[in-house]
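One letter stands for each residue in the lines below.
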Amino acid sequence: MRAILKAADESGGSYGVVTLSASTSSAALQEQVEAKLSRKNRKKLRPLVGTRAILFLDDVALPRLDEFGYVPALELLRQALEFGGWFDRQALDIFIEQKDIFYVGAMRDSQTLPPRLANKFFALGLPFPNDASLARIFGSILHFGLADFDPEEVKPLSDRALSFVIGLHKNALAEPRLQATPSKPHYLFSLRDIARVVKGVLLIDKLNCDSKSVFRKLLVHEVVCVYQDRLVSAEDRTVFRSVLSDQFYASFEVPLNDALEQGRYPIFSLFVDNRGYSLVSGSAKEPSTAVLRPYLTHLLDTFNGQGRRQLNIVLFEDAIEDICKISRVLNTKEGHLLLIGEGGTGRHSLVKLAASAAGIQVLEPRSLSAGGTFKTELRGLFESVFFSKTETVMLLD
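Residues numbered from 1 in each chain as written. Predicted model: local features only at pLDDT ≥ 70, side-chain atom pairs only at ≥ 80, totals over all residues. Heavy atoms only, no water.

**Things to note about a nonpolar patch on the surface**
A cluster of nonpolar side chains, contributed by Val 232, Leu 338 and Ile 340, occupies part of the molecular surface with about 320 Å² of accessible area. With respect to the helices and strands, Val 232 occurs in the loop between helix 8 (212-226) and helix 9 (234-252). (Patch = residues over 30% accessible without salt bridge, like charges linked within 9 Å, V, L, I, M, F, W, Y side chains within 5 Å. Areas by Shrake-Rupley, 256 points an atom, 1.4 Å probe, with all protein chains shown as cover. Salt bridge = Lys/Arg side-chain N within 4 Å of Asp/Glu carboxyl O. Helix = DSSP H or I, 4+ residues; strand = E, 2+ residues; numbered from the N terminus.)

**Topic: unusual backbone geometry**
Of note in the backbone geometry, Asp 100 takes a positive phi value of approximately 55 degrees without being a glycine. Relative to the elements of secondary structure, Asp 100 occurs in the loop between strand 6 (95-98) and strand 7 (101-105). Assessed through its relative accessible area of 34%, Asp 100 is described here as partly exposed. In this model, Glu 253 sits at a positive phi of 60 degrees, which is unusual for a non-glycine residue. One can find Glu 253 in the loop between helix 9 and strand 8 (268-269). Under the relative-accessibility criterion, Glu 253 is labelled exposed at 56%. (Buried < 20%, exposed > 50% of the residue type's maximum accessible area, 1.4 Å probe, protein only.)

**Quick word on the packing of aromatic side chains**
A complete count under the given rule lists eight aromatic pairs for this structure. On the numbers, 5.7 Å between centres and 90 degrees between planes, the contact of Phe 164 with Phe 248 is edge-to-face. Of the two residues, Phe 164 is situated in helix 6 (residues 158-174) and Phe 248 in helix 9; the sequence distance between them amounts to 84 residues. An aromatic cluster is present here, built from Phe 164, Phe 248 and Phe 252 joined pairwise through their rings. Just above the ring of Phe 102 sits the side chain of Arg 52; from NZ or CZ to the centre is 5.2 Å. One Lys or Arg, Lys 389, reaches over the ring of Phe 386 and ends 4.1 Å from the middle of that ring. (Phe/Tyr/Trp six-rings, centres within 6.5 Å; stacked < 30°, edge-to-face > 60°. Lys NZ or Arg CZ within 6 Å of the ring centre and 35° of its normal.)

**Thoughts on helix 10 (residues 288-304)**
In a regular helix each residue adds 1.5 Å, so 17 residues correspond to 24 Å; helix 10 covers 24 Å between its end C-alpha atoms and thus fits that length. Remark: the principal bend of helix 10, roughly 30 degrees, maps to Pro 294. If you check which residues of helix 10 are buried, you get Ser 288, Thr 289, Val 291, Leu 292, Leu 296, Leu 300, Phe 303 and Asn 304. (Expected span 1.5 Å × (residues − 1). Bend = angle between axes of the 7 residues up to and from the residue.)

**Concerning empty space enclosed by the protein**
Summed over all chains, the structure comprises two cavities of 30 Å³ or more. Lining the largest cavity are Glu 261, Gln 262, Arg 264, Tyr 265, Ile 267, Pro 287, Ser 288, Thr 289 and Glu 321. Estimated volume of the second largest cavity: approximately 40 Å³. Forming the boundary of the second largest cavity are Leu 142, Ala 161, Leu 162, Val 165, Val 197, Val 198, Val 201 and Leu 219. If you list the elements that add at least two residues to the lining of the second largest cavity, you get helix 6 and helix 7 (191-201). (1 Å grid on protein atoms, 1.4 Å probe; cavity = no way out; pocket = protein on both sides within 12 Å on 5 of 7 lines; lining within 4 Å. Points joined across faces, edges and corners; volume = space filled by probe spheres on them.)

**A look at the pattern of salt bridges**
When their charged atoms lie close together, side chains carrying opposite charge are able to pair. Summed over the entire model, instances satisfying the criterion amount to 17 salt bridges. Taken together, the shared-partner salt bridges in this structure form one network comprising Glu 75, Arg 78, Glu 82, Arg 116 and Lys 120.

**Here's the deal with the nonpolar core**
Within soluble globular proteins, side chains that are nonpolar generally end up buried alongside one another. One finds Phe 215, Tyr 227 and Leu 244 to be the most contacted residues of the largest nonpolar core, which totals 47 residues. Those elements giving two or more residues to this core turn out to be helix 5 (131-145), helix 6, helix 7, helix 8 and helix 9. Here this core takes eight residues from helix 8, the largest share from any one element. What Phe 215 contacts, discounting residues up to four positions off in sequence, is Leu 146, Val 154, Leu 157, Ala 161, Val 201 and Cys 209. One finds Ile 267, Val 272, Ile 323 and Leu 395 within the second-largest nonpolar core, a separate group that totals 26 residues. (Core = buried A, V, L, I, M, F, W, Y, C linked by side-chain atoms within 4.5 Å. Contact = heavy atoms within 4.5 Å.)

Here you go:
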């Protein structure tokens, strides 16, 4: 869809993305659409003369029913498609005609549209790709990224690696305990998660991944970061561990224990001896987190010595692992992060320390708590980042 919208823009047209949610009202939808276009006069809404506009309606089926059993936002959209416009909300005797505007909607296959709106669209089903298609899509990326790796140890495992990740993804989708519920709405897995695993694998270079053992540990680390780390209960993590163990053996014909470090999931970090993204090897007497503790203690002392607000962090095992995983996300392209947990668990402090280690500044909008205008402050922060060309973490509480 992005390619289509980009082609329309390059051909002299215009496009806009309108994002809908469960709470989108008809007024909000009308305001978003009119903001993407221009009013030639009070009675016409259209793009530039001689061009056409494509409006992409993301999650078009999300707006919820009102108390009368209708969806006002979607009824307004149906009116625009059926009658070619809608009424001005400030002057209800004025009908705003829409010209050269094309609507493209997207929704999940489990959602439904009102029949009177659905029959205004051409419907195109995009089913989940089969295993062969997924292997071709992600295989081309992975094979290219591993082109310079050891031809005897690492490169021959690329096909098995894809089988492992794709199989794990499908099995996680099929596991009832790992389905999204009202209490666990973030238990949503998509093709983006496979892409995140592949992207994480390619963070490492050939010098830090020169054996089958390290490559298998890297795969386990990445799938744990992408899939398990969003799970909020011990029971769900136990279920995932079982799915992971079965799929690992099916793909590599060795038990999962071969890819663990003293019975714990392996840790890959950017903090050790400036080696880049690499495996942190521990021992029975000194686990991986103990190896990392001196490096993170130095980072913490450096941060607190810069005259900033002091970070009071106890570097216990879970905190060390969380810092490594936050750092991993911050060092990937479009690495956005959602931290879920109780207040006082160190979410802010861990992000600030990981960002400092990566040389990234942290900005925290304060207007929500201070009674200001969040939109105005956010605009100012974006302008500051744009003109300074500085990598920035926007920390929103």
